[in-house]
Amino acid sequence: AFQFPVALAPATASRAPSREAWARRCLTRAWKTSSAAAAKDSDDDGVESSKFRPKVLCVGDALFDCIANDDARGVSVAKMVERNAWTPFPGGANANVATALCRLGTPSAFCGCVGSDEDGDVLENLFRETGVDVTMLRRADEGIPTRRVMVTRSIEGDREFGGFYGGLPSNTFSDCFLDISTVADDASDAVVEGVEWLVCGTLGLACEKSAEATRCLINRAVSSGASLCLDVNWRPVFWPEGAEERARDEILALARQAQVVKLTDEEAEWLLDIPAEDALKNPFVVHEKFPDASAVLVTAGEKGASYYMVGHEGFVEPFVIDVVETTGAGDAFTAGFLHGLLSMGVRIESFEKEVGAEEQAEAIESLLRFASATGALTCTKEGAIAAQPSYDQVESFLIHGKKVWV
């Protein structure tokens, strides 16, 4: 029979759970070591402890989000640049997931290509400091820059991508040049063959070389037993002009290979022609488009999130927080979901067999509350990575209903 981790153990039916008991039902227990210690831990013979080998491989983009300053909310990219009213923050969807996982306590690895420039140095150092395995991180040839994305902000703090720094074409940045031949060595094979999950976005599909690398890595990981988590992550500015139909076809084909599909309500409308409101209210209709997926996760920012997972459907109310900036919230949500699932020690493909029927709904709700809290906390500082919480911070937030740390 499935055994709940201590933090997921349900309250007894004899009395209503207290606020603290309910919060603890909505948590998953992680290894209680810092990610930095995890990255350095080794056995006496110098071989990295299997406990801290990457469990998740995140493939895709690492870049800088050049986010409008607080005094530039509501202005255009042109005005933002004219005023020099922006600040660069490390980010990139898959980089965000990798760092968020490590901060929660799940060892992760990143595969992607950054420039041989100062921005690339900063990103590589950030990965190392956070504990992310960089065995499969590659550096582009001199002169190919790390991508910088210009991000405008609404008065409420919501962001919109508005092109690239310097007005450069999308296909000129380092992340487009991930070459599959450079990640086919023994060390890379060991990472790919050892992970339980491969997390992938779709931005890499926009360029021929990175698209080939992405598909090959997915095939290698899945054939080695990993599960695929796909974030639709539709960003038209990354794709060539006039490529929207091709993008839709390629993203849909890739998503139909995934065990977990994560998308926003607006992406459901763009990709599947399901009205955003319907996608959030009835995630089963989204799952019907991905019948082989074990879970479909629909996020909608301040409107909350919904899910359809192994026959269970539900909605997670949004948390009340002081939003500073929303970049990376969905990536943190993904990290929280995977962290929780891994902490339970259950493969998603066998979830229905390993978790008793009477426990499934509660366990799934717990996973999604934890994921939502992780995403919410990421909105409390500027930048996608700066506010990513530790496990203890998510636990505290769920217990107290607010941040009680600085």
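Residues numbered from 1 in each chain as written. Predicted model: local features only at pLDDT ≥ 70, side-chain atom pairs only at ≥ 80, totals over all residues. Heavy atoms only, no water.

Undergrad: Explain the sheet that holds strand E13 (residues 312–316) to me, please; I cannot follow it from the model alone.
TA: Adjacent strands of a sheet pair through backbone hydrogen bonds, lying either parallel or antiparallel. Strand order across the open sheet formed by nine strands is E5-E4-E1-E8-E9-E10-E11-E12-E13, with mixed pairing between neighbours. Of all the strands in the sheet, the pair left with one neighbour each is strand E5 (133–139) and E13. The average angle at which neighbouring strand axes cross in this sheet is 15°, direction not considered. Running over the sheet, helix H4 (residues 93–104) touches strand E1 (56–59), strand E4 (108–114) and strand E8 (197–200) and is turned about 150° from E4. (Pairing = 2+ DSSP bridges. Helix = DSSP H or I, 4+ residues; strand = E, 2+ residues; numbered from the N terminus. Axes fitted to C-alpha atoms, helices over the stretch in contact; angles between N-to-C directions. Contact = heavy atoms within 4.5 Å.)

Undergrad: Which parts of the structure should I look at to understand the pattern of salt bridges?
TA: When the charged atoms of two side chains with opposite charge come close together, those side chains can pair. Inspection of the entire model under this criterion finds 20 salt bridges. Ionic pairing is found between Arg 73 and Asp 70, a salt bridge with its closest N-O pair at 2.9 Å. One salt bridge connects Asp 121 with Arg 139, and the closest N-O pair in it is separated by 2.7 Å. In this pair, Asp 121 sits in helix H5 (residues 118–130) while Arg 139 sits in strand E5, placing the two residues 18 residues apart along the sequence. Looking at Arg 139, the relative accessible area reads 30%, which means it is partly exposed. (Salt bridge = Lys/Arg side-chain N within 4 Å of Asp/Glu carboxyl O. Buried < 20%, exposed > 50% of the residue type's maximum accessible area, 1.4 Å probe, protein only.)

Undergrad: What should I look at first to understand the sheet that holds strand E3 (residues 86–91) in this one?
TA: Strand order in the open sheet formed by four strands is E3-E2-E6-E7, and the pairing between neighbours is mixed. Where the open sheet ends on each side, the last strands, each with one partner, are E3 and strand E7 (159–164). On average, adjacent strands in this sheet sit at an angle of 30° to one another, irrespective of strand direction. Where strand E2 (residues 63–68) meets strand E6 (residues 148–153), four bridges bridge the pair, whose relative direction is parallel. Within E6, the residue paired with Ile 67 across the bridge is Val 151. Here H5 sits on the sheet in contact with E2, E3 and E6, set at roughly 105° to E2.

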